[in-house]
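# Coordinate inspection notes
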Amino acid sequence: QVQLVESGGGLVQAGGSLRLSCAASGRTFSSYAMGWFRQAPGKEREFVAGISWSGGSTYYADSVKGRFTISRDNAKNTVYLQMNSLKPEDTAVYYCAAAPRFRTVVTTRRYDYDYWGQGTQVTVSS
């Protein structure tokens, strides 16, 4: 089992920045890939960013490429999402997810992620 707890969400003006954190416990954190997803009201949950077990591979949705950065600290069992140049369309609940069946490959598919956090709200005002 893996438990994930997100933090760092909040209200920010357009152009601002936020850093989300996801603390993991349970199975060995450093052995699997991690990802961030988001879900806006009335929309499907979508992939935002993913990172391999070592942090050596990352992948981003086109909508956030160049503005968001995913990273991880395996010593702290934590994955981060640094969000810069935020836009109102980034407003959503952001979820951290773990993909224990994946190690070096970053997957964008929701069903590849077996464990999910409770989500943290990010609201970007115009």
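Structure report, in brief. (Residues numbered from 1 in each chain as written. Predicted model: local features only at pLDDT ≥ 70, side-chain atom pairs only at ≥ 80, totals over all residues. Heavy atoms only, no water.)

### Some details on the side chain of Thr78
As a reminder of what qualifies: Going along the chain from the N terminus, every DSSP run of H or I of four or more residues is numbered as a helix, and every run of E of two or more is numbered as a strand. Here's how the labels work: a residue is buried when its accessible area is under 20% of the maximum for its type, exposed when over 50%, partly exposed in between, all with a 1.4 Å probe on protein chains only. For this analysis, a polar contact is any N or O atom pair within 3.5 Å, provided that within protein one partner can donate a hydrogen and the other can accept it, and provided that sequence-adjacent residues contribute only side-chain to side-chain pairs. Whether two residues are in contact is decided by their heavy atoms, any of which lying within 4.5 Å being enough.
Its place among the elements puts Thr78 in strand S8 (residues 78-83). Taking the relative accessible area as the measure of exposure, Thr78 reaches 11% and is therefore buried. Among the polar contacts listed, one links the side chain of Thr78 to the backbone oxygen of Lys76, at a separation of 2.8 Å. Setting aside its immediate chain neighbours within four residues, Thr78 contacts Ser21, Cys22, Ala23, Phe29, Arg72 and Asp73.

### A look at the packing of aromatic side chains
In plain terms, the rule: Stacked, tilted and edge-to-face are the three classes applied to pairs of Phe, Tyr and Trp rings, where Trp contributes its six-membered ring and a pair requires centres within 6.5 Å; stacked means planes under 30 degrees apart, edge-to-face means over 60, and tilted covers the rest.
Across all of its chains, the model carries six aromatic pairs by this definition. Here Phe37 and Phe47 contribute two aromatic rings whose centre-to-centre distance is 5.6 Å and whose plane-to-plane angle is 80 degrees, an arrangement assigned as edge-to-face. Note that Phe37 is positioned in strand S4 (residues 33-39) and Phe47 in strand S5 (residues 46-51), a separation of 10 residues in sequence. Take Phe37: its relative accessible area is 0%, and that puts it in the buried class. Overall, Phe47 belongs to the buried group, its relative accessible area being 11%. Between Phe37 and Tyr113 the ring centres are 5.0 Å apart and the planes differ by 80 degrees, which places this aromatic pair in the edge-to-face class. A residue pair is termed long-range when its members are at least 10 positions apart, and Phe37 in strand S4 and Tyr113 in the loop between strand S9 (92-99) and strand S10 (115-116) qualify at 76 residues. As far as burial versus exposure is concerned, Phe37 and Tyr113 are alike and both buried. Put simply, the rings of Phe37, Phe47, Tyr59, Tyr113 and Trp116 touch in pairs and so form one group of aromatic residues.

### Thoughts on the pattern of salt bridges
Put simply, the test is: Salt bridges are counted wherever a side-chain nitrogen of Lys or Arg sits within 4 Å of a carboxyl oxygen of Asp or Glu.
Summed over the entire model, instances satisfying the criterion amount to seven salt bridges. The residue Glu44 makes a salt bridge to Arg110 at a minimum N-O spacing of 3.6 Å. Linking Glu44 in the loop between S4 and S5 with Arg110 in the loop between S9 and S10, this pair joins segments that are 66 residues apart in sequence. Taking the relative accessible area as the measure of exposure, Arg110 reaches 40% and is therefore partly exposed. The salt bridge involving Arg101 is made with Asp114; its shortest N-O contact spans 2.9 Å. Taken as a pair, Arg101 in the loop between S9 and S10 and Asp114 in the loop between S9 and S10 lie far apart in primary sequence, 13 residues in all. Among the residues examined, Arg101 registers a relative accessible area of 52% and is labelled exposed. Note on Asp114: relative accessible area 36%, which makes it partly exposed. Salt bridges linked by common partners bring Arg38, Glu46, Arg67 and Asp90 together as one network.

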